[in-house]
Amino acid sequence: MRVAATALIRPEVFRLGIIEAFCCAAVTVIITFGNSCHLSTLLHEEKAVHIDQLSVAELSTQRDIVLKQYNALKELNLALDLTRGKPCSEQVALSDALDGVLQGNYFTDSGTDVRNYGGLEGLAEARALFAKVLDTPAEETLVGGNSSLALMYNTIEFALTEGLSGSPSAWGNNDRVKFLCPTPGYDRHFAICEHLDIEMITVPMLDTGPDMDRVESLVKEDPLIKGLWCVPRFSNPTGGVYSDDTVERIARLGLIAGDHFVVMWDNAYAVHTLYDDASSVMPVRDVCHKHGTLDNLFQFGSTSKITFAGAGVAFMASSEKNLAGLKQHLAFQTIGPDKVNQLRHVRFLANPETLAKHMSAHAAIIRPRFECVLNTLEHELSNSGMGDWSSPRGGYFVSFNALPGLAKKVVKLAESIGVKLTPAGSTFPYNDDPQDTNIRLSPTFPHLEDVKAAINAFVICVKLASIEHCLRLKR
Ligand SMILES: Cc1ncc(COP(=O)(O)O)c(C=O)c1O
């Protein structure tokens, strides 16, 4: 049973030079009896006032208002979670037809019985299908198990211990191995490096992709830099899409970097658009081919966020020479991938047109959650000087930058009222965000009304942390 109650927190009038802004805050509280409570909408009809322009008295007044709102939230015993970059149950249900799609026919068109061992490079039909996702020739594409992250780990471990071109080329022959990590970035990329004792050097992530001036100058001056992490389309967490110029310059890195340098091109969100007008990325394989740097490129993708997360199909692409070497390495781990699952995916996703339709169905489910987050941030925080954020056209995340020094505080404030956020710092190598600003928001998994409640609570936490911070500075 649900009860909706609207509580007017406090009408407030404050002066800002000659501008008079009427601030009226109302909280609509929807309490669900059962095991969870939701704060639904928090309305602020307030003209945006930049926090730096407020006097100490005005800041104190605002702090009291926001603190009341924060304490009201505490009373609700919220249990909300914006940490999980995973598909929601409606999304995974879009692929339930995978179960049974084979209808007892385990043979591919070319006659392979998928119930048996073999085929380390994946089914021909699966390689052809997923090559279209990566924009690569099928013969340069390998289809593996359920996790692209595992393929990335394997690739790096192979380059480190066995060498991309035989043992003299193993990165591990050097005293140190370093990777460039655009930040904010994906925590699990950084975890792989940390686990394998690869030193991470951060480079700023710009709207166009990694700061290529910085990347180029670093790889030119240090041959121990052996890799660059990339999430080219709808980056995790910024949602940015690499520009053509960035792709062109990344494709040329093999010409200026030390020996056996690799671009780890993790195209995890290659087809994960929220809007039809979302930008695409120039096909990096063709650009590398043009520059003769195909051996420096490893591309990855998976159906984790297309079909079933954890029970999908992962794929990768590189030069035929690199794939041949890597296959020898993989052969020590497995006699072959799960071809039954590969065939199920081939039958279910069929071709790029069917895949595109399927991804539109995903977008229809998660777009309202993204719009809820972005509209709330816009309504509550735009021009307030309390943070900025990305507005992705695809992918799984919104990246929020709090005022420097406040990300951890915001996450802690949210945690104390039952709203889990990704730990501050996790979008940086070694969990160290030197400015302590970045927070990754993941709106896909919770129900829309929980996303609403969570983002409204998040905004209150940002306001409270920012106002208290400003007060401390001004006093
Ligand atoms: C950029 C990126 N790469 C890879 C993955 C995981 O991929 P997989 O499930 O194929 O291992 C994720 C999951 O969040 C991701 O965001």
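Residues numbered from 1 in each chain as written. Predicted model: local features only at pLDDT ≥ 70, side-chain atom pairs only at ≥ 80, totals over all residues.

**Focus on the sheet that holds strand S10 (residues 262-266)**
- With mixed pairing, eight strands are arranged side by side in an open sheet as S5-S12-S11-S10-S9-S6-S7-S8. The sheet terminates laterally at strand S5 (141-143) and strand S8 (209-210), the two strands that pair on one side only.
- Pairing analysis gives four bridges linking S10 to strand S11 (residues 297-302), with the strands arranged parallel. Looking at the pairing, Met-264 lines up with Phe-298 of S11.
- Against the sheet, helix H3 (residues 124-134) makes contact with S5, S11 and strand S12 (314-317), and its axis sits at roughly 120 degrees relative to S5, the strand it touches most.
- In the packing of helix H6 (residues 212-221) onto the sheet, the strands contacted are strand S6 (178-183), strand S7 (199-206), S8 and strand S9 (225-230), and the crossing angle to S7 comes to about 155 degrees. (Pairing = 2+ DSSP bridges. Helix = DSSP H or I, 4+ residues; strand = E, 2+ residues; numbered from the N terminus. Contact = placed C-beta atoms within 7 Å. Axes fitted to C-alpha atoms, helices over the stretch in contact; angles between N-to-C directions.)

**Re the packing of helix H4 (residues 148-161) against helix H10 (residues 320-330)**
- The geometry of H4 relative to H10 is characterised by a closest axis approach of 10 Å and an angle of 100 degrees between their N-to-C directions. Considered as vectors, H4 and H10 are oriented roughly perpendicular to each other. The residues of H10 that touch H4, namely those facing Asn-154, Thr-155 and Phe-158, are Leu-326, His-329 and Leu-330.
- Classifying every residue of the contact of H4 with H10 gives three nonpolar, three polar and no charged. (Parallel < 35°, antiparallel > 145°, perpendicular 65-115°, else oblique. Nonpolar A, V, L, I, M, F, W, Y, C, P; charged D, E, K, R; others polar.)

**Section: the sheet that holds strand S13 (residues 387-389)**
- If you trace the three strands from one edge of the open sheet to the other, you get S13-S14-S16, paired in antiparallel fashion. Since the sheet does not close on itself, it has two edges, and those belong to S13 and strand S16 (438-441), each with one partner. Direction aside, the axes of adjacent strands within the sheet are offset by 20 degrees on average.
- Sheet topology note: the S13/strand S14 (residues 398-402) ladder contains three bridges and is antiparallel. Bridging across to S14, Gly-387 finds its partner in Ala-402.
- Packing against the sheet, helix H13 (residues 407-416) makes contact with S14 and S16, and its axis sits at approximately 45 degrees to S16.

**Points about the environment of Leu-349**
- Residue position: Leu-349 is located in helix H11 (residues 339-349).
- A C-alpha to C-alpha distance of 9.3 Å links Leu-349 and Ser-95, two positions 254 residues apart in sequence.
- Other than its neighbours up to four places away in sequence, Leu-349 contacts Leu-129, Thr-354, Leu-355 and His-358.

**Notes on the domain arrangement of the protein**
- In terms of domains, the protein is made up of domain 1 (2-77 + 359-474) and domain 2 (111-350).
- For the side of domain 1 that touches domain 2, the secondary structure elements donating two or more residues are helix H12 (352-381), S14 and S16.
- Per-element accounting of the side of domain 1 that touches domain 2 gives the leading share, five residues, to H12.
- Partitioned by chemical class, the residues of the side of domain 1 that touches domain 2 number eleven nonpolar, seven polar and three charged. (Domains from an automatic or database assignment.)

**Things to note about the packing of helix H7 (residues 244-251) against helix H9 (residues 284-291)**
- It is at 9 Å that the axes of H7 and H9 come closest, and there the two elements cross at 45 degrees. Judged on the interaxial angle alone, H9 and H7 are oblique. Considering only the axes of H7 and H9, their crossing is right-handed. Contacts between H7 and H9 involve Val-247, Glu-248, Ile-250 and Ala-251 from the former and Val-284, Val-287, Cys-288 and His-291 from the latter.
- A per-class count over the contact of H7 with H9 returns six nonpolar, one polar and one charged. (Left-handed = near helix turned anticlockwise from the far one by under 90°.)

**A closer look at the site of the ligand**
- Around the ligand, the surrounding shell consists of Gly-85, Ser-147, Ser-148, Leu-149, Tyr-186, Val-231, Asn-236, Asp-266, Ala-268, Ser-302, Ser-304 and Ala-314.
- Classifying every residue of the shell around the ligand by side-chain character gives five nonpolar, six polar and one charged. (Near = placed C-beta within 6 Å.)

**Thoughts on the pairing of S12**
- Neither face of S12 is left uncovered, since the one carrying Ala-314 and Met-316 and the one carrying Phe-315 and Ala-317 both have all their residues buried.
- Looking at chain direction, S5 and S12 are connected through three bridges and run antiparallel. Along S12, the bridge assignment pairs Leu-142 with Met-316.
- The pairing of S11 with S12 spans four bridges and is classified as antiparallel. Directly across from Ser-302, in S12, lies its bridge partner Ala-314. (Buried ≥ 20, exposed ≤ 12 C-beta atoms within 10 Å, placed from the backbone.)

**As for the nonpolar core**
- Judged by nonpolar contacts, the single largest core of 120 residues is most densely connected at Val-263, Val-410, Ala-414, Val-419, Ala-457 and Cys-461.
- Looking at which element gives the most residues to this core, the answer is helix H14 (residues 448-474), with 14 residues.
- Here this core spans two domains, since at least three of its residues come from each of domain 1 (2-77 + 359-474) and domain 2 (111-350).
- Aside from chain neighbours lying at most four places away, what touches Ala-414 is Val-419, Leu-421, Ala-457, Phe-458 and Cys-461. (Core = buried A, V, L, I, M, F, W, Y, C linked by C-beta atoms within 7 Å.)

**Let's talk about the pairing of S16**
- Here S16 shows no split at all, with Asn-438 and Arg-440 on one side and Ile-439 and Leu-441 on the other all buried.
- In this structure, S14 lies alongside S16, joined through four bridges in antiparallel fashion. Bridging across to S16, Val-398 finds its partner in Leu-441.

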